[in-house]
Amino acid sequence: MAILTNVFIIWEMRRIQPAVLMGVFFLSYLLYLIPYYYGDYIISAHTQYYRRDLYDQMLGIHLLFLSSFLLFLKSNLNKSSLKIRDLIKPNNNIILFSFLYLIMLGIILSIKGNSVIGGSYSTYIDNLEGQGGSVEYFYIFFVIAFFFTDKPFLRKSLLLLVVYYCFMTITRGYRIQFVQMVIVVFVLFFDGKFKTVYMMIFAFLGFIIAEIVNLLKMMGSLTVEDTLALFEKSDKGIIISNQTDVFYSSVVFLGLIKDDIFSLGLRIWSTIGFIWNWFVPSSFVWIEARVPMFAGTFTSLGGGGLVSAYFYVWFGYLGPILIGFCLAFLFNKTYSSADKKVFKIIAILVLSLYPRWFAYDPANFLIRLSLYIYVVYIGFILIHNQMKGVKK
């Protein structure tokens, strides 16, 4: 039922290529469960909460989220095949564009650490611990800069920063940041430029590249045997991947609730922290609100967690329904007409950063960064309007 519902979501959003990619990404987390349910494969290296009843419950919770998303999506969504880059009014301001360009260059130059190529997994961990959150803010300034010029040459000059950013993130082992940057570029530059079938081929190639980056992060080198091993796991009765680790982490949340470790009082405290996290970075939020970190103090887990699991922790069974409704509402409003509205810039981040908010951190990457880009974009528009008034 979950797989079927996910496929229906993809079908309803078929006229929005970035949303199709997002739907396929959602689907991958369900497809990795097939060997567990129908082939008795081991899909987690962790054992404490590796129980069928918890997997069944988590799958049911996730189905609630998917069903809510599908139910509230308008039929014939984006019938006019609108592209999101055309739904936001550009402002021509070379001074603000240049300022944003310098901010992004500064962010890239602030990326710390050593190359994982020829290094080891500990090199990646050191890089991660020494790196602040500025890497993630790059997307905000990149998207805003795109809409402060409509000159093709200046917009294409942003791609020079993309190449530099991708090089730095790949060599430091930041796989998700690299993937998200590629998605942002697709949304802004290539949405609708290719047939959907070609887009899916490119997405598959992107998956392979992401796995190769992961191997570099884990081992510091790459051989033909390592690459082929990506496709040989199924012969060993064990399939462990990002998808299976994230699903297991979600299962752990349920297990901690059932064991009353994550009591009602702590869940309420976590919910308050989740709301506080809308406005401040995670470093300012208590550990109970950072659910995987809190869970990791009681048991081992791979990290992350499905967005449906987070919202279940915070709001019970209403949570998955609520977040499904909110996502559907955003897409419905964004693609309801060709009117150029400032709020539609939020949908660009939602359609680009789902590798983070769907499977790791919805508080930061679904809500906080969405609020940040909206507020910062309005701020730059006000400055732009003020500058126009001074010129007059």
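It should be emphasised that the depicted structure is a prediction, and the values quoted were computed from it without experimental measurement.

Caption draft 1: Structural detail: the overall build of the protein chain. Within the protein chain, the regular secondary structure consists of 19 helices and zero strands. Burial status across the protein chain gives 52% buried among its 392 residues. Restricting the contact set of the protein chain to residue pairs at least 6 apart, pairs at least 24 apart contribute 79%. With the model as given, the accessible surface of the protein chain reaches about 17500 Å², and the carbon-plus-sulfur share is 67%.

Caption draft 2: View of the environment of Val-307. With respect to the helices, strands and loops of the structure, Val-307 is situated in helix 15 (residues 307-315). Val-307 has contacts with Phe-65, Ile-323, Trp-357, Phe-358 and Pro-362, leaving out every residue within four places of it along the chain.

Caption draft 3: Here's a closer look at the nonpolar core. One finds Phe-69, Phe-142, Met-181, Phe-331 and Trp-357 to be the most contacted residues of the largest nonpolar core, which totals 119 residues. Looking at this core, the element that brings in the most residues is helix 7 (residues 134-146), giving ten residues. Apart from the residues within four sequence positions on either side, Trp-357 is in contact with Met-22, Phe-26, Val-307, Leu-327, Val-350, Pro-362, Phe-365 and Leu-366.

Caption draft 4: How the structure looks around the side chain of His-62. Secondary-structure assignment places His-62 in helix 4 (residues 52-72). Excluding its chain neighbours within four sequence positions, the residues that come into contact with His-62 are Leu-30, Leu-306, Ser-308 and Phe-358.

Caption draft 5: Molecular detail of unusual backbone geometry. Positive phi values are uncommon outside glycine, yet Asn-78 reaches one of about 55°. On the basis of relative accessible area, Asn-78 is assigned to the buried category, the value being 2%. Phi is positive for Asp-260, which is not a glycine, with a value near 65°. Looking at where Asp-260 falls in the secondary structure, it is placed in the loop between helix 12 (242-258) and helix 13 (264-276).

Caption draft 6: A nonpolar patch on the surface, seen in detail. A contiguous nonpolar patch, built from Phe-190, Phe-194, Val-197, Tyr-198, Ile-201, Phe-202, Phe-204, Leu-205 and Phe-207 and spanning about 850 Å² of accessible area, is present on the exposed surface. Tallying contributions element by element places helix 10 (residues 196-219) first for the nonpolar patch, with seven residues. On the secondary structure map, Val-197 appears in helix 10.

Caption draft 7: Looking closely at the pattern of salt bridges. The final tally for this structure, using the stated rule, is four salt bridges. The salt bridge partner of Asp-56 is Arg-52, with a shortest N-O separation of 3.1 Å. Linking Asp-56 with Arg-52, this pair stays in helix 4, spanning four residues, or about one helical turn. Take Asp-56: its relative accessible area is 36%, and that puts it in the partly exposed class. One salt bridge in this structure joins Glu-136 and Arg-356, with 3.2 Å as the shortest N-O distance. Of this pair, Glu-136 sits in helix 7 while Arg-356 sits in helix 18 (residues 354-357), and the two are 220 residues apart along the sequence. Residue classification places Glu-136 among the buried residues on the basis of a relative accessible area of 11%. Among the charged side chains, a salt-bridge network with shared partners connects Arg-51, Asp-53 and Lys-258.

Caption draft 8: The packing of helix 8 (residues 152-171) against helix 9 (residues 175-190), seen in detail. With their axes 9 Å apart at the nearest point, helix 8 and helix 9 run at an angle of 165° to one another. In this view, helix 8 runs roughly antiparallel relative to helix 9, as classed from their interaxial angle. Taken as a pair, helix 8 and helix 9 cross one another with a handedness that is left-handed. Residues Arg-155, Lys-156, Leu-159, Val-162, Tyr-165, Cys-166, Thr-169 and Ile-170 of helix 8 pack against Gln-177, Phe-178, Met-181, Val-185 and Phe-189 of helix 9. Class assignment for the residues of the contact of helix 8 with helix 9 results in nine nonpolar, two polar and two charged.

Caption draft 9: Seen up close, the packing of aromatic side chains. For the structure shown, the criterion picks out 43 aromatic pairs. Ring plane angle 85° and centroid distance 6.1 Å describe the contact between Phe-148 and Tyr-377, whose orientation is recorded as edge-to-face. You can see Phe-148 sitting in the loop between helix 7 and helix 8 and its partner Tyr-377 sitting in helix 19 (residues 362-391), a full 229 residues away along the chain. Here the two residues Phe-148 and Tyr-377 agree in accessibility, since each one is buried. Here Tyr-312 and Tyr-317 contribute two aromatic rings whose centre-to-centre distance is 5.0 Å and whose plane-to-plane angle is 65°, an arrangement assigned as edge-to-face. Ring-pair connections join several aromatic residues into one group, and the members of that group are Phe-25, Phe-26, Tyr-29, Phe-65, Phe-69, Phe-331, Tyr-354, Trp-357 and Phe-358.

Caption draft 10: Examining helix 15 more closely. Counting buried positions over the nine residues of helix 15 gives eight, a clear majority of the element. If you check which residues of helix 15 are buried, you get Val-307, Ser-308, Ala-309, Tyr-310, Phe-311, Tyr-312, Val-313 and Trp-314. Phi turns positive, to about 70°, at Gly-316, one or two residues after helix 15.

Caption draft 11: Fine view of the environment of Pro-18. Looking at the element boundaries, Pro-18 is found in helix 2 (residues 17-31). Distance from Pro-18 to Ile-84, taken between C-alpha atoms, is 9.4 Å for residues 66 residues apart in sequence. Those residues in contact with Pro-18, other than ones at most four positions away along the chain, are Phe-186, Val-187, Asp-191, Leu-351 and Tyr-354.

What counts, and where the lines are drawn
- Residues numbered from 1 in each chain as written.
- Predicted model: local features only at pLDDT ≥ 70, side-chain atom pairs only at ≥ 80, totals over all residues.
- Heavy atoms only, no water.
- Helix = DSSP H or I, 4+ residues; strand = E, 2+ residues; numbered from the N terminus.
- Buried < 20%, exposed > 50% of the residue type's maximum accessible area, 1.4 Å probe, protein only.
- Contact = heavy atoms within 4.5 Å.
- Areas by Shrake-Rupley, 256 points an atom, 1.4 Å probe, with all protein chains shown as cover.
- Core = buried A, V, L, I, M, F, W, Y, C linked by side-chain atoms within 4.5 Å.
- Patch = residues over 30% accessible without salt bridge, like charges linked within 9 Å, V, L, I, M, F, W, Y side chains within 5 Å.
- Salt bridge = Lys/Arg side-chain N within 4 Å of Asp/Glu carboxyl O.
- Axes fitted to C-alpha atoms, helices over the stretch in contact; angles between N-to-C directions.
- Parallel < 35°, antiparallel > 145°, perpendicular 65-115°, else oblique.
- Left-handed = near helix turned anticlockwise from the far one by under 90°.
- Nonpolar A, V, L, I, M, F, W, Y, C, P; charged D, E, K, R; others polar.
- Phe/Tyr/Trp six-rings, centres within 6.5 Å; stacked < 30°, edge-to-face > 60°.

It is worth stressing that arrangement in space is one thing and function is another; only the former is reported here.
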